[in-house]
Amino acid sequence: RKSLQRHVPAEFAERQLRLLNCNACHGELEGFPSLDLIGAKLKPEWTAQLFVGKLKQRPRPWLHHRMPSFPARAAPLAHGLAMSHGLPPVSPKPPPVNAQLAEVGRKLVGVDDGFSCIACHGVKNREPLQVFEAQGINFASIGARLQPEFMLRWILDPLRVDPQSRMPDYFDEDGRSVLVDVLGGDAKKQIEAIRQYLLQGNKMKLPVMQ
């Protein structure tokens, strides 16, 4: 009978998503991401804080719907979601931010010889410059949210990860960037520079916004 008491985090997460009826919103309502990749996308520490209801800043404050909190389930649910995608329940401690790369990333997200990411993404207390079809999440919160591997896949080809995404694609099929003079035009190197910039959170310097 000991097998009946076995705790399998991935199975626990799958069961809780079903019991809590999370699919009633996620993947159904506009602006609510599908649950299929949540565990691969979000760091478990950030997800746990979301489930507890202790996030200081809502990731999508423009949405009128509010997600309920599940404090009693928060940690095991966050762990199970990550483990269901082969990721550890606790994120490894990242190395220090590469300041040189982060400065390159700051320029890449700006409007001066960059991708103009800040047209749709706010930065700390600064609003996006000009949202086209859909607003993006504030840059100050992304580094704490996203798994490194997911961030690479997402920025490299957003539509391949989410066919409903409104985020544009800046890189070709060969992994080359339209900004050929930055880091040799290598898409993965440029994305890593952006990631290093985003890892700074609220300590990041504002990019060129005009």
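Residues numbered from 1 in each chain as written. Predicted model: local features only at pLDDT ≥ 70, side-chain atom pairs only at ≥ 80, totals over all residues. Heavy atoms only, no water.

### Some thoughts on the layout of surface pockets
The test is simple: Cavities and pockets are found on a 1 Å grid laid over the protein atoms alone: a cavity is a set of points where a 1.4 Å probe fits but cannot escape, a pocket is an open set with protein on both sides within 12 Å along at least five of seven lines, and a lining residue has an atom within 4 Å of such a point. Grid points are joined across faces, edges and corners, and a volume is the space filled by probe spheres set on the points. Think of it this way: any DSSP run of H or I at least four residues long counts as a helix, any run of E at least two long counts as a strand, and we number them from the N terminus. Charged means Asp, Glu, Lys or Arg here, nonpolar means Ala, Val, Leu, Ile, Met, Phe, Trp, Tyr, Cys or Pro, and polar covers whatever is left, Gly included.
One number sums up the size of the largest pocket: a volume of about 1400 Å³. Taken together, 46 residues make up the lining of the largest pocket; nearest its centre are Arg60, Trp154, Asp162, Ser165 and Arg166. Of all the secondary structure elements, the ones that give two or more residues to the lining of the largest pocket are α2 (38-41), α6 (139-145), α7 (148-156) and α9 (187-198). The biggest single contributor to the lining of the largest pocket is α7, with 4 residues. A per-class count over the lining of the largest pocket returns 28 nonpolar, 9 polar and 9 charged. Roughly 730 Å³ of volume is contained in the second largest pocket. In terms of lining, the second largest pocket is formed by 31 residues, of which the most central are His26, Leu50, Arg66, Met67 and Pro68. Top contributing element to the lining of the second largest pocket by residue count: helix α3 (residues 44-52), with 4 residues. Among the residues forming the lining of the second largest pocket, the class breakdown is 19 nonpolar, 7 polar and 5 charged.

### Quick look at the pattern of salt bridges
Between side chains of opposite charge, pairing is possible as soon as their charged atoms come close. Definition in use: Here a salt bridge means any side-chain nitrogen of Lys or Arg lying within 4 Å of a carboxyl oxygen belonging to Asp or Glu. Whether a residue is buried, partly exposed or exposed follows from its accessible area with a 1.4 Å probe, protein chains only, as a fraction of its type maximum: under 20%, in between, or over 50%, in that order.
By the definition in use, this model includes 3 salt bridges. Of the charged contacts, one joins arginine 166 and glutamate 133 as a salt bridge, the two residues approaching to 3.6 Å between their closest N and O atoms. With arginine 166 in the loop between α8 (158-161) and α9 and glutamate 133 in the loop between α5 (99-109) and α6, this residue pair connects regions lying 33 residues apart in the sequence. Residue classification places arginine 166 among the partly exposed residues on the basis of a relative accessible area of 45%.

### Some points on the packing of helix α1 (residues 9-19) against helix α4 (residues 74-83)
Defined as follows: Only the stretch in contact is used when a helix axis is fitted, and all axes are lines through C-alpha atoms; the angle between N-to-C directions ranges over 0 to 180 degrees. Reported orientations rely on four angle classes, namely roughly parallel under 35 degrees, roughly antiparallel over 145, roughly perpendicular from 65 to 115, and oblique for the rest. Helix crossings get a hand from a simple test, with the near helix turned counterclockwise from the far one by less than a right angle marking a left-handed crossing and a clockwise turn marking a right-handed one. Two residues form a contact once any of their heavy atoms are found within 4.5 Å.
The geometry of α1 relative to α4 is characterised by a closest axis approach of 7 Å and an angle of 110 degrees between their N-to-C directions. Classified by the angle their axes make, α1 and α4 are roughly perpendicular. The hand of the α1/α4 crossing is left-handed. Side by side, α1 and α4 meet where Pro9, Ala10, Phe12, Ala13, Gln16 and Leu17 of the first sit next to Pro76, Leu77, Gly80, Leu81 and Met83 of the second.

### Some thoughts on the packing of α5 against α9
Contact pair α5 / α9: the axes reach a minimum separation of 7 Å and the direction vectors enclose 100 degrees. As the angle between them shows, α5 and α9 are arranged roughly perpendicular. For the pair formed by α5 and α9, the contact residues are Leu101, Ala102, Val104, Gly105, Arg106, Leu108 and Val109 on the first element and Gln190, Glu192, Ala193, Ile194, Gln196 and Tyr197 on the second. A class-by-class count of the residues in the contact of α5 with α9 yields 8 nonpolar, 3 polar and 2 charged.

### Topic: unusual backbone geometry
Positioned with a positive phi, lysine 124 is a non-glycine residue whose angle comes to about 55 degrees. The backbone of leucine 183 sits at a positive phi, close to 50 degrees, despite the residue not being glycine. Relative to the helices and strands, leucine 183 is located in the loop between α8 and α9.

### Digging into the packing of aromatic side chains
How we decide: To pair, rings of Phe, Tyr and Trp, with the six-membered ring standing in for Trp, must have centres within 6.5 Å; the planes then decide the type, stacked if under 30 degrees apart, edge-to-face if over 60, and tilted in the middle. Lysine NZ or arginine CZ positioned within 6 Å of the ring centre and within 35 degrees of the ring normal marks a charge as sitting over the ring.
Per the counting criterion, the structure on display carries 3 aromatic pairs. Plain terms: the ring middles of phenylalanine 115 and tyrosine 170 are 4.7 Å apart, the flat faces sit at 40 degrees to each other, and that makes the pair tilted. In this pair, phenylalanine 115 is assigned in the loop between α5 and α6 and tyrosine 170 in the loop between α8 and α9, connecting sequence segments 55 residues apart. Classification of phenylalanine 115 as buried rests on a relative accessible area of 6%. For the pair phenylalanine 115 and phenylalanine 171, a centre-to-centre distance of 5.6 Å together with 75 degrees between the ring planes defines the contact as edge-to-face. Placement of the pair is phenylalanine 115 in the loop between α5 and α6 and phenylalanine 171 in the loop between α8 and α9, with a sequence separation of 56 residues. Judged by relative accessible area, which is 6%, phenylalanine 171 ranks as buried. Members of the aromatic cluster, joined through ring pairs, are Phe115, Tyr170 and Phe171. Above the face of the tryptophan 46 ring, arginine 145 is positioned so that its terminal group lies 4.8 Å from the ring centre.

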